[in-house]
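Descriptive structure summary
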Amino acid sequence: MLHANENLNPYTLQFSFSPPQLIKRTIITEEIINNFTRPVPTYRGMFISGVRGSGKTVLLGNIRKEIDAMKDWVTVDLNPEDHLLEALARSLYMIPELKALFIKARLDFSVVGIGLHLEKADLIATNEEDAVTMMLKVLKKAGKKLLVTIDEVTYSKDVARFSHALSSYAGADLDIYLLMTSLTENINNIRNKKSLTFLYRAKVRELDNLNITAITGDYLKTLHIRREEAEELAYKTAGYSLAFQTVGYCYWRELCSGKNYSELNHNAILEEIDIILAELAYDKIWEEMSVNDQRILKSMAGIEEQEGAGVKVESIRDDISMSSENFSTYRKRLIEDGVIEATQYGYLKFRLPGFGRYVRNKFRER
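So, a few notes on the structure that sits alongside this text. (Residues numbered from 1 in each chain as written. Predicted model: local features only at pLDDT ≥ 70, side-chain atom pairs only at ≥ 80, totals over all residues. Heavy atoms only, no water.)

Below, the discussion takes up helix α14 (residues 313-320). Taken as a whole, α14 has its buried residues at Val-313, Ile-316 and Ile-320. Axial view of α14: buried residues confined to an arc of 65°, hence all on one face. Considering only its buried residues, α14 is in contact with α13 (291-307), β8 (311-312), α15 (324-336) and β10 (347-350). Directly beyond the C-terminal end of α14, a positive phi value near 55° is found at Ser-321. (Buried < 20%, exposed > 50% of the residue type's maximum accessible area, 1.4 Å probe, protein only. Helix = DSSP H or I, 4+ residues; strand = E, 2+ residues; numbered from the N terminus. Arc of directions from axis to C-beta. Contact = heavy atoms within 4.5 Å.)

Here it is, written out as structure tokens:
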């Protein structure tokens, strides 16, 4: 039995910060950090992809913190809606240690609205790209490397300009590296612009599901329930990061009432979990899908209700009268987007926990 205050719930439904209860993604974290910090990085730019609620932002923040704590590394987090080069120059100048280096080097950035005009400056920036170039040269001379992070980046003219500048910096052997998060569709949209050499060559690393054994251990320790009960809850999450937090949040609150796990109204809790997942992620995921994506998932959810998880591709195609060639296009995209998965040849299943119920409920409401 859990003896705790409901207000001290260690699970959270908030986005964009590292939650108290966190399943660390050790493998991908080490892979990304090792890439950037080795003497000759394999990739200067990397994308972290994943469905909404998969934990991209938290992972990005944790990696930034780890690298920022390293000697001779500087990190800057940029808003994707900002003018990136201008924001980068401004952010670098705001770091006291770096500002002192820039002043010592007698660099004049006043034309781009940073610092004071110097009468006898050694170098004068004429635009934001020049300003960043001058700053990176000072950093390199001081033995410092720069990691820039951008959360939920999408294609824009400013992103294109930023990519061209990064290619120029890389060509000049300046030590700037870029780590971004985005949805798969947005990453593909950026990489399809082959003129954006830097971002076109960036490595894409999809976020894997959380480890079910690790989730089980977390629930076992935090919720003070039996192992088989913790395993039952862990499998409800399907390794989806938002579901891990949501299930933990809801069960912590219910167990704080003084009841044992066996005494809880699990159906009512499951309904609440479904509502939270819909409001925080599934509604947005659904809205961003094409009509044919939705047709496929509606058919899949209906067949799943009759036959159970693992739906024949042939049954879906027959149900919506779609050719094999057309179906393959949408199937590939839905798998890349992290909504469904192909666990065995000729079959599909929902990857997101309860998404089949979500789709069925959505059409029953009409």
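Still more ground to cover, so stick around.
For the rest of this paragraph, the subject is the packing of α13 against α15. Closest axis-to-axis distance for the α13/α15 pair is 10 Å, and the angle between their directions is 85°. Relative to α15, the element α13 lies roughly perpendicular. Note on element contacts: α15 touches α13 through Phe-327, Tyr-330, Arg-333 and Leu-334, opposite Asn-292, Asp-293, Ile-296 and Leu-297. Residues of the contact of α13 with α15, tallied by class, amount to five nonpolar, one polar and two charged. (Axes fitted to C-alpha atoms, helices over the stretch in contact; angles between N-to-C directions. Parallel < 35°, antiparallel > 145°, perpendicular 65-115°, else oblique. Nonpolar A, V, L, I, M, F, W, Y, C, P; charged D, E, K, R; others polar.)

This paragraph deals with unusual backbone geometry. Positioned with a positive phi, Asp-173 is a non-glycine residue whose angle comes to about 60°. Looking at the secondary structure, you find Asp-173 in the loop between α6 (157-171) and β6 (176-182). Its relative accessible area of 44% is what places Asp-173 among the partly exposed residues. Located in the positive-phi region is Ser-321, a residue other than glycine, with phi close to 55°. Along the chain, Ser-321 turns up in the loop between α14 and α15.

All chains considered together, the criterion is met by zero disulfides. You can see Cys-250 has no disulfide; the closest cysteine sulfur is in Cys-256, sitting 12 Å from it. (Disulfide = S-S within 2.5 Å.)

The three strands are arranged β8-β10-β9 in an open sheet whose pairing can be described as antiparallel. Looking at strand neighbours, the two that pair on one side only are β8 and β9 (340-341), the edges of this open sheet. (Pairing = 2+ DSSP bridges.)

With respect to the helices and strands, Thr-222 occurs in helix α9 (residues 212-223). Within the structure, Thr-222 has its side chain in polar contact with the side chain of Gln-21 (distance 3.1 Å). Those residues in contact with Thr-222 that sit more than four places away from it in its chain are Leu-2, Pro-10, Tyr-11, Gln-21 and Trp-252. (Polar contact = N/O pair within 3.5 Å; in protein donor to acceptor, adjacent residues only side chain to side chain.)

Let's shift gears to the environment of Gly-113. Along the chain, the position of Gly-113 falls in the loop between β3 (107-108) and β4 (123-124). Overall, Gly-113 belongs to the exposed group, its relative accessible area being 68%.

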